[in-house]
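Residue-level structural notes
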Amino acid sequence: MGPEGTDVVADVLAGLLAVHHRGQDAAGVVSFDDRFLAKRGFGLVRDVFSSEDLPRLRGSSAVGHVRYPTVGSNDESDIQ
């Protein structure tokens, strides 16, 4: 969470890149800017997100996730 009016998604994605070795199956981010904004997909962080996603995922709050499957199937509903 950053100061009001800032966008933190670039920082969250940088953090996900640092830990993507822990989950190479899928990645996702949810940010908040008066409403929830999300992007998720199969693959490495660098494959799921592009620079075009940054303006859309704006907000001063965000959380990211990388997935290494230990349970479940290779299904989009398993990506958080």
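This structure is a prediction, so every number in the text was calculated from the model and none was measured.

**Here we look at the pattern of salt bridges**
Enumeration over the complete set of coordinates arrives at three salt bridges. Asp 53 is the salt-bridge partner of Lys 39, the closest N and O atoms lying 3.3 Å from each other. Residue Lys 39 is located in strand S2 (residues 36–42), and its partner Asp 53 is located in helix H3 (residues 53–56); the two are separated by 14 residues in the primary sequence. A residue is classified by how much of its surface remains accessible, and Lys 39, at 23% relative accessible area, is partly exposed.

**Digging into the environment of Arg 67**
Residue placement: Arg 67 occurs in strand S3 (residues 61–67). A relative accessible area of 9% places Arg 67 in the buried class. Separated by 43 residues in the primary sequence, Arg 67 and Gln 24 have C-alpha atoms spaced 6.3 Å apart. In terms of polar contacts, Arg 67 uses its side chain to reach the side chain of Asp 25, at 2.9 Å.

**What to know about the sheet that holds strand S1 (residues 26–32)**
With respect to topology, three strands assemble into an open sheet ordered S2-S1-S3, the strand pairing being antiparallel. Looking at the sheet topology across the chains shown, the edges are occupied by S2 and S3. Pairwise comparison of adjacent strand axes, ignoring direction, gives a mean angle of 10 degrees for this sheet. Sheet analysis places S1 next to S3, joined by seven bridges and oriented antiparallel. Among the inter-strand pairings, Ala 26 is bridged to a residue of S3, identified as Arg 67. Against the sheet, helix H1 (residues 9–19) makes contact with S1 and S3, and its axis sits at roughly 20 degrees relative to S3, the strand it touches most.

**Let's talk about the pairing of S2**
Judged from the seven bridges that link them, S1 and S2 form a sheet pairing that is antiparallel. Bridging across to S2, Phe 32 finds its partner in Phe 36. Following S1, the chain reverses through three residues before pairing antiparallel with S2; Asp 34 in that reversal takes a positive phi of roughly 70 degrees.

**Considerations on the confidence of the model for the protein chain**
Mean pLDDT over the protein chain stands at 85; residues scoring 70 or higher make up 84%. By mean pLDDT, the top-scoring element of the protein chain is S2 (93), and the lowest-scoring one is H3 (89).

Calculation notes
Residues numbered from 1 in each chain as written. Predicted model: local features only at pLDDT ≥ 70, side-chain atom pairs only at ≥ 80, totals over all residues. Heavy atoms only, no water. Salt bridge = Lys/Arg side-chain N within 4 Å of Asp/Glu carboxyl O. Helix = DSSP H or I, 4+ residues; strand = E, 2+ residues; numbered from the N terminus. Buried < 20%, exposed > 50% of the residue type's maximum accessible area, 1.4 Å probe, protein only. Polar contact = N/O pair within 3.5 Å; in protein donor to acceptor, adjacent residues only side chain to side chain. Pairing = 2+ DSSP bridges. Axes fitted to C-alpha atoms, helices over the stretch in contact; angles between N-to-C directions. Contact = heavy atoms within 4.5 Å. pLDDT = per-residue confidence, 0-100.

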